[in-house]
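Take a look at the letters that make up each chain.
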Amino acid sequence: MNRLTEFREAVGTDGAVCVRGGATRWDLGGDPAGAHEVRAPSGVEEFLPAEMTVTVGAGTTLAELTEVLGASGQEVALDGPPGATVGGALAVGRSSLRRGRVGSIADALLQADCVGADGALFTAGGPTVKNVTGYDVCRLLVGSLGTLALLGRVILRTRPVPESSLWLAGELTPGRVADVAYRPATVLWDGQRTTVRLEGHPSDLNDERERLVALGLGEVDEPELGPCMSRWVGQIAAGAVLDVLGGVVYGDLPKTLPVIEPGVHALASRMRDEFDPGRRLNPGRDPYRVAA
Amino acid sequence: MPRGAGTGLAGGAVPCDDPVVIVTTRMDRILDVDVERRTAWVEPGVVNLDLSRHLAGTGLHFAPDPSSQQASTIGGNVATNSGGPHCLLYGVTSAHVQAVEVVLPDGEVVLLGEEQGDAAGYDLRGAFIGGEGTLGIATRICVRLTQDPPLVATLLLDFLTIDEAAETVSAIIAAGILPAALELMDQQVVAAVEPFAHAGYPMDAAAVLIVELDGLPAGIDDQVRRIGELARSHGAREVRRAADADEQERIWKGRKSAFGAIANLKPDYYLNDTVIPRSRLAEVLAGIQEAVDRHDLLIMNVFHAGDGNLHPLIVYDARDAEETARVLEVGEEIVRLAIDAGGVLSGEHGIGLEKRRFMGLQFSPEDLEAQARLRRAFDPDGMANPAKILPSGASCGHVTSLGRIPEGTWV
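**Quick notes on the overall build of chain A**
In step 1: Scanning chain A from N- to C-terminus turns up 8 helices and 16 strands.
In step 2: Taken against the 2.2 N^0.38 rule, which gives 19 Å for 292 residues, the C-alpha radius of gyration of chain A at 20 Å falls within 12% of a compact globule.
In step 3: By principal-axis analysis of the C-alpha atoms, chain A measures approximately 65 × 45 × 35 Å.
In step 4: Out of the 292 residues in chain A, the part that is buried amounts to 57%.
In step 5: Taken as a whole, chain A presents about 11500 Å² of accessible surface, with 50% of it coming from carbon and sulfur.
In step 6: Side-chain charges of chain A comprise 28 positive and 37 negative groups, with the mean position of each set lying 3 Å from the other.

The following block contains the structure:
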């Protein structure tokens, strides 16, 4: 019996069930207290550097995956706290701080083998790097906090690790910096200072650094951003930092829940009803009750 | 059902079961361009290329560049999740749409997505894109704009066998190089386009590769050098870097005029859009050639090699019913070859009517049921663009007119 089948059997066909990954963001969107806990298979099954794809159990830690990919100079656009798993990062669906270069997390997921609420295994998406075959169920799963189906095994898009990178900061608006920097990976703005991360060939980065230093920026260490974040609503409180490309504010802020239009909420409820009418998958969790 | 410019190649915009057709081409206003935030709100009828023309001088452009970009609308690009040559590096339409205002089949108007970053909750925006008009009608679209690259290098590589060209593609990706575009044209296509593109394509080459790299100079030079070495070690005769913008334009002109040129050979063509693992290009191309030879047909290859997105093009005469039947037969064989190689049914054209009947080759009944759930959440009564994408007992099965593409479009 393969591990995906074992996972399906562990999920079963009735009763409340939730998946435990690294549990690094366990309370996000609510706690599925009392639900039967299962674990997704772990381990890198197949890494094809020449295809720039990797097949991996959803229970694999990001650290393990990063190590395997790094040996061939590749990476995936998934970030998470230490101990986080691939499945957990996808279920949370928060894009990398480097999204200016690596893209959104949803674009990283090519195929997902999942167990649905009815206990059946199904596959969403396909194994190739380009695919518009049928409805894009993969995208729905990213950020769904496991409320539509439970991820067992996924195929992710990999990409080359940048040759070099550097961080610069200074008192300039993000717009002014963007006029000079080419496709920055990260742009942070605290209302006064802009901090950017640039990635690319070392001598190109030297040239870009010179241009930005001439405008008053200086090289800095990678900034420490607190774990607390909230959706940006148009202002930046003192001490907070806006991830411009991600639309998320970091800092010690009161958590404000997003305001969801009734029509969108109704559509989302219909989606959950279709995939899990009995609300057995991650009960108590609601992806709309997440501050960011 | 919605209908834009009607350039889609899979029949997604062909009315089935007598629906009311809502044509969006007159909703063609560019509503707002925010240069600082790099977004623009457009109506669905804005022609793809018109947006990038409108942005000239801002240093920004709309990255998806489907074959049909002179005619196809952004609403249509959203419906099919369109691709294009430069999607190799920049991603397909979904990666460039922040938000969509949608009229759902029950009349409710919803805004899916966010102007900046990812929306809260389910990615309903991502689920809607590529829905081929079966999930509702987009009425306003917030697109993300891409910085123009400071520098572009266009390479032309030529090979005496198509295998060597295909192996070079695999070797480039395997070396961890992700070009902006990586296109293959075979000898038949080169012969057809050179007379009016004057790109200086080698007429005796079995295949040429067009490789485009963009960004900053040192990174580009490094990649040009590495690609040159890889190509030569895989048998390339010549690695030519376009000296200036004029030469770049001529190299691309040949690629872009492939379909107009084919009209000189046969009046009709059938274009098949599938994706295969890019390490298996040489093997699958040989399999396709064998199937085509067996059916005594003429095939031309001009496609997005870098992401394994095949576009075998079978030229024929639709007035010949017997030949048309052979074209459809070989089309099915090509789809099966792609699936057997671990590929998928469509890379950028969608399923529409054309490939509904093949969905079962790629997906199990459980997989298709998950897709049906997504569809039902948007459209419980199946009112929007009926009989598309999912295989069903619905009517409208008679699709043998394989369509012609307007002159000047490219695939």
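**Digging into the overall build of chain B**
In step 1: Counting secondary structure elements, chain B contains 13 helices and 18 strands.
In step 2: A compact globule built from 411 residues should have a C-alpha radius of gyration of about 22 Å, and chain B, at 21 Å, falls within 12% of that.
In step 3: The C-alpha extent of chain B, read off along each of the three principal axes, is 60 × 55 × 35 Å.
In step 4: The buried share among the 411 residues of chain B stands at 61%.

**What to know about the state of the cysteines**
Residue and element names in this part refer to chain A.
In step 1: With the rule as written, the count across this model stands at 0 disulfides over all chains.
In step 2: Lacking any disulfide linkage, Cys114 is separated from the closest cysteine sulfur, that of Cys138, by 7.1 Å.
In step 3: On the accessibility criterion, Cys114 (0% relative accessible area) is buried.

**As for the nonpolar core**
The nonpolar side chains of a soluble globular protein tend to be buried, and buried together.
In step 1: Ranked by internal contacts, the top residues of the largest apolar core, which has 89 residues, are Leu78, Leu90, Leu156 and Met271 of chain A together with Leu124 and Phe378 of chain B.
In step 2: Per-element tally for this core: the top contributor is helix H13 (residues 365-378) of chain B, with 6 residues.
In step 3: Leaving out residues up to four positions away in the same chain, Leu156 of chain A has contacts with Met52, Thr53, Val54, Val56, Leu65, Val76, Leu78, Val86, Leu90, Ala108, Leu109 and Leu110 of chain A.
In step 4: If you look at the next biggest cluster of nonpolar residues, it comprises 48 residues, including Ile177, Leu281, Val284 and Leu310 of chain B.

**Observations regarding the environment of Thr195 of chain A**
Residue and element names in this part refer to chain A.
In step 1: Along the chain, the position of Thr195 falls in strand S12 (residues 194-200).
In step 2: Given a relative accessible area of 13%, Thr195 falls into the buried group.
In step 3: Note: C-alpha distance between Thr195 and Gly100 (95 residues apart in sequence) is 13 Å.
In step 4: Filtering out sequence-adjacent residues up to four positions away, Thr195 remains in contact with Trp167, Leu168, Ala169, Thr186, Val187, Leu188, Val220 and Pro223.

**Some points on the side chain of Thr39 of chain B**
All names here are of chain B.
In step 1: Within the secondary structure, Thr39 is located in strand S4 (residues 39-42).
In step 2: Using a relative accessible area of 6% as the deciding quantity, one classes Thr39 as buried.
In step 3: Once residues within four sequence positions are removed from consideration, Thr39 is found in contact with Asp32, Val33, Asp34, Gln98, Glu115, Gln116, Cys142, Val143 and Leu145.

**Thoughts on the pairing of strand S16 (residues 298-303) of chain B**
Residue and element names in this part refer to chain B.
In step 1: With 5 of 6 residues buried, S16 is to be regarded as a mostly interior element.
In step 2: Note: strand S11 (residues 181-186) against S16, 2 bridges, orientation antiparallel. Residue pairing for S16: Met185 is matched across the bridge by Val302.
In step 3: Pairing geometry for S16 and strand S18 (residues 312-316), over 4 bridges, is antiparallel. Paired with Ile299 across the two strands is Ile314, which belongs to S18.

**Comments concerning unusual backbone geometry**
Residue and element names in this part refer to chain A.
In step 1: For Ala23, which is not a glycine, the phi torsion comes out positive at approximately 55°.
In step 2: Considering the arrangement of structural elements, one finds Ala23 in the loop between strand S1 (17-19) and strand S2 (36-38).
In step 3: Given the relative accessible area of 30%, Ala23 is considered partly exposed.

**Regarding empty space enclosed by the protein**
In step 1: Counted by the stated rule, this structure contains 4 cavities of 30 Å³ or more.
In step 2: Of the volumes computed, that of the second largest cavity is approximately 550 Å³.
In step 3: What lines the second largest cavity is a set of 37 residues, and nearest its centre among them are Gly93, Arg94 and Arg231 of chain A together with Asp118 and Ala119 of chain B.
In step 4: Contributions of two or more residues to the lining of the second largest cavity are made by helix H3 (86-92), strand S14 (229-231) and strand S16 (248-250) of chain A together with strand S6 (97-103) of chain B.

**Focus: the confidence of the model for chain B**
In step 1: Of the residues in chain B, 95% reach a pLDDT of 70 or more, and the chain-wide mean stands at 92.
In step 2: Confidence drops under a pLDDT of 50 for residues 397-411 of chain B, and excluding neighbours within four residues, the segment shows 36 contacts in the predicted structure.

**With respect to the packing of aromatic side chains**
In step 1: Applying the stated criterion to the full structure yields 2 aromatic pairs over all chains.
In step 2: An angle of 90° between the planes, with centres 5.9 Å apart, marks the rings of Tyr288 of chain A and Tyr122 of chain B as edge-to-face. Of this pair, Tyr288 of chain A sits in the segment after helix H8 (262-275) while Tyr122 of chain B sits in the loop between strand S7 (109-113) and helix H4 (124-128), each in a different chain. Each member of the pair, Tyr288 of chain A as well as Tyr122 of chain B, is classed as buried.
In step 3: Ring centres of Phe128 of chain B and Phe378 of chain B lie 6.5 Å apart, and the angle between their planes is 45°; this geometry places the pair in the tilted category. Residue Phe128 of chain B is found in helix H4, and its partner Phe378 of chain B is found in helix H13; the two are separated by 250 residues along the sequence.
In step 4: Its relative accessible area of 1% is what places Phe378 of chain B among the buried residues.
In step 5: For Arg20 of chain A, the ring lying beneath its charged end belongs to Trp26 of chain A, and the centroid distance is 4.5 Å.
In step 6: Here the basic side chain of Arg285 of chain A rests over the ring of Trp26 of chain A, its NZ or CZ set 4.5 Å away from the ring centre.

**Some words on the environment of Leu310 of chain B**
Residue and element names in this part refer to chain B.
In step 1: Turning to its location among the elements, Leu310 is positioned in strand S17 (residues 309-310).
In step 2: Taking the relative accessible area as the measure of exposure, Leu310 reaches 1% and is therefore buried.
In step 3: For the pair formed by Leu310 and Lys355, sequence separation is 45 residues and the distance between their alpha carbons is 15 Å.

**Considering helix H6 (residues 187-197) of chain B**
Residue and element names in this part refer to chain B.
In step 1: Those residues of H6 lying buried are Val189, Val190, Ala192, Val193, Glu194 and Ala197.
In step 2: Where the residues of H6 are buried, they touch S11, strand S12 (207-215), helix H8 (245-256), helix H9 (258-262) and S16.
In step 3: Where H6 begins, the capping side chain belongs to Asp186, and its oxygen is found 3.2 Å from the backbone nitrogen of Gln188.
In step 4: Backbone geometry just downstream of H6 places His198 in the positive-phi region, at approximately 50°.

Calculation rules
Residues numbered from 1 in each chain as written. Chains lettered and ligands numbered in written order. Predicted model: local features only at pLDDT ≥ 70, side-chain atom pairs only at ≥ 80, totals over all residues. Heavy atoms only, no water. Helix = DSSP H or I, 4+ residues; strand = E, 2+ residues; numbered from the N terminus. Rg over C-alpha atoms; globule rule 2.2 N^0.38 Å. Buried < 20%, exposed > 50% of the residue type's maximum accessible area, 1.4 Å probe, protein only. Areas by Shrake-Rupley, 256 points an atom, 1.4 Å probe, with all protein chains shown as cover. Lys, Arg positive; Asp, Glu negative; His and termini not counted. Charge placed at Lys NZ, Arg CZ, Asp CG, Glu CD. Disulfide = S-S within 2.5 Å. Core = buried A, V, L, I, M, F, W, Y, C linked by side-chain atoms within 4.5 Å. Contact = heavy atoms within 4.5 Å. Pairing = 2+ DSSP bridges. 1 Å grid on protein atoms, 1.4 Å probe; cavity = no way out; pocket = protein on both sides within 12 Å on 5 of 7 lines; lining within 4 Å. Points joined across faces, edges and corners; volume = space filled by probe spheres on them. pLDDT = per-residue confidence, 0-100. Phe/Tyr/Trp six-rings, centres within 6.5 Å; stacked < 30°, edge-to-face > 60°. Lys NZ or Arg CZ within 6 Å of the ring centre and 35° of its normal. Polar contact = N/O pair within 3.5 Å; in protein donor to acceptor, adjacent residues only side chain to side chain.

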